Each structure stands twice: as C-alpha cells, then as structure tokens.
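Descriptive analysis of the structure
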Amino acid sequence: MGCRRNRRADEDSTHAVPSPSPLSSAREVKPAYGTVSLPNDPDDPAIWVHPTDPSRSLIIATVKVAAPAGAIVVYGLDGQIRQMISGIDRPNNVDVEYGVRIAGRPTDIAVATERLARQLRVFRIEPAEGRLIDLGAVPIFQGVEGEAGAPMGVGLYRRDRDNAVFAIVAPKTGPRDGYLWQYRLSDDGSGRMAASLVRRFGTFSATSVREENEIEAVAVDDALGYVCYADEADGIHKWHADPDHPDAGRELAHFAREGFRGDREGIAIYALPDGTGYIVCTDQLDVDSEYHVYLREGTPENPHNHSREVALIRGGADATDGLEVSSSGLGPTLPHGLMIAMNSKPRNFLLFRWQDIAAAVQPALRLNGTSVR
C-alpha cells in the first residue's frame, strides 16, 4: 500500500503513521540487498519457487498505480527485473499457487487484484522461461458499488483433499461481518479462469477502534488449511480456509492486538514441514518499519493460541506495505529462505536472509533447508 508520505486523496492511507520510537525493542537485521527501484509506487510481493532449481525462483510484485503505468513486475532472486507487464489498472496485492488444472494440465499461477478494474488478473507462470503469461481478467464483486467493490488484498488456497483452488479477496471497504469474499477458481473451458462465489466471511473491527480502518493483507497457510488477515487497527484474525469445513463459520483466533504503533499491513508465513513455523506481520512505520513474529503452531494446549510474540525485528524499510516470506531453500545465497519487505521511498523491495533474522533473536528462530512449494 505504498508510502504514507504526501499521499493523494485517492490513495490507501487510513491514518498518519507515527515516527519510530527510540524505546522500540526491535532487533536490527540488515537486508542482504534490495531489488531494482521501480518508476512508481510498489506494493505487494509474492515468491514463486521453481520446481527443479530453486535458485531460479521469482519475485512477483505489483506497481500500484492506474493504467497504463500500473504493472506486474517479475524479479529474479538477484533483484534484477526480468519482466514488466504494464497496463494493469492499479494492482494492489498478488499471490501464487501451484498445480492448478488449466487446459488439462497442472499450472502454476499468479493472481493479482486489479482495483480500478474491479477484477482479478490471472497469469500463468512459465518455469522454463521464468516469465508470466497473461490469462486475462476474472470479474468479481459484480453489482457492488463504490469502494466495497474495489479489490485490494488476495490470498490463494489449494484444498488438499480435491485440489480445488480458491481466491480469498479483501475489498477496500466492508462490513463488520462478512468482509472477505471467497471465490472458487476453475478453468472456464478455454484455458482461462472463472470465479464462482462460495462464501463471505470474516469479522472486522470497522470504526470501533478508530474512524478510518480497513483489511488488506491476507495470508493462506495451505498445509494447515488456515487463513490469516490483518484488521489494520485491531489485530490478526484466523479462520479455516476451507469453506466446507464444519467450523468454517467460526473465528479461530484474534491476536496481535497490542504492541503495534502503525497499521498492521503485510502478513506472511514461514512454514516448516512439521507444521510449526512463524506468522510475520508488518507494523508500518515511516523510515524503519517493524515485523512482529508469532508461532504458527500456537501452543501445545491450543493450536489457535498465537498470543505470544516470539520476535520483533526491523531492517530499515520505509513504510512497508506488502510482505512475503518463504521457508524454501532458494539456492546457495538463500539456503533457508527469505523475507521480502516493500520499501516505500526508494520504490523497491528489501530482501532479508532468514538465517540472519533467525540469528538476531534469542532464542534463535528455527530454520528450514529444503525446497517447499
């Protein structure tokens, strides 16, 4: 969601972010490097892991302005631009999913919200070339007027039992109950994607905490079947991602309600193969955003108790919006995965090696060393 400074009236600001406090207990972590800067405001990154050579994995990100300058940008892990797809009408967030059936074959896809066009934009990821192929638009929020029909956040979920794929979408504004819209994505018979609404869900603090508030960041834990989303003024909410789960209508957790000084922005999950790991959430601050870390697995007594914060880090990123984490080993320079943070003023993304984050915390965070898709 871009830099908080000097915003135009139609930008995504919800309130003025305070300057970082000198009393912050965050541990400093230096980024390994940054990506090439973009000509306009970036927003959200996603990580696609290559199926056979993780060092050829890609960072897929959004350039959050109206068309024709709005774009999807593809970086290599070296931070250099591999591809720029322009003409996207204010893309906000992007996510990836693996093995989606399109034209009869498993296909990796990236899906972005196209806010001003009020639709999703779907791209096929070509592993051999390391490029995206535009599969076109998928209309959503039909008949919804105003900002309640303007998509912002998106998280993709693949259900393990039948490989059904869903997009969970957060609009710019929404009600206290049923803020999120969940669509099933499927091949429309022509090699493109169609979306059918399966449910609305999700609680929202609305104006009970402050007058201006919204939900944007959505992160799905495919392996465990949960979705977490950031109520910017009032914590992280956790629900079942499967719309057919017997408990799908019940909120499982509401945490990260204290200790933030700015908006709760990007959310990401560092997933370990044994079901443990970390949930990371941005505290959006000018000059030096912070990142709060919670246990993915909860507690032994309650897997939905994420109340204990295990780490607080910062690394010099300005007014971070989008955030992504991968636990996959991504080659010799990123053997335990990485965290990517949007860096507003320089209009780029900062990359942090997960082993550097893990070592900055006492006790140290856990590491993964295998490829995870």
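Here, the structure is the one placed above.
Below: a short report on this structure. (Residues numbered from 1 in each chain as written. Predicted model: local features only at pLDDT ≥ 70, side-chain atom pairs only at ≥ 80, totals over all residues. Heavy atoms only, no water.)

Before going further, it helps to examine the side chain of Arg 199. Within the fold, Arg 199 resides in strand β14 (residues 193-203). Although buried, Arg 199 forms no salt bridge, and the nearest oppositely charged side chain, Asp 242, lies 7.0 Å from it. Engagement of the side chain of Arg 199 in a polar contact is seen with the side chain of Gln 182, the distance being 2.6 Å. One polar contact links the side chain of Arg 199 to the main-chain carbonyl oxygen of Ala 248, over a distance of 3.0 Å. Contact partners of Arg 199, with chain neighbours within four places excluded, come to Leu 180, Trp 181, Gln 182, His 240, Ala 241, Asp 242, Pro 243 and Ala 248. (Helix = DSSP H or I, 4+ residues; strand = E, 2+ residues; numbered from the N terminus. Buried < 20%, exposed > 50% of the residue type's maximum accessible area, 1.4 Å probe, protein only. Lys, Arg positive; Asp, Glu negative; His and termini not counted. Salt bridge = Lys/Arg side-chain N within 4 Å of Asp/Glu carboxyl O. Polar contact = N/O pair within 3.5 Å; in protein donor to acceptor, adjacent residues only side chain to side chain. Contact = heavy atoms within 4.5 Å.)

A few words on unusual backbone geometry. Generally, phi is negative for residues other than glycine and the peptide bonds are trans, each holding for most cases. Of note, the amide linkage connecting Ala 67 to Pro 68 takes the cis form, showing an omega dihedral of 10°. Of note, Pro 68 is situated in the loop between β4 (58-63) and β5 (71-76). In this chain, Gln 362 is followed by Pro 363 through a cis amide linkage whose omega measures -5°. Mapped onto the secondary structure, Pro 363 falls in the segment after α1 (354-359). Of note in this structure, Asn 163 is not a glycine but carries a positive phi near 60°. Positionally, Asn 163 belongs in the loop between β11 (151-158) and β12 (165-171). Since its relative accessible area comes to 45%, Asn 163 is described here as partly exposed. With a phi angle near 55°, Ala 256 is a residue other than glycine that sits in the positive phi range. Note that Ala 256 resides in the loop between β18 (253-255) and β19 (263-271).

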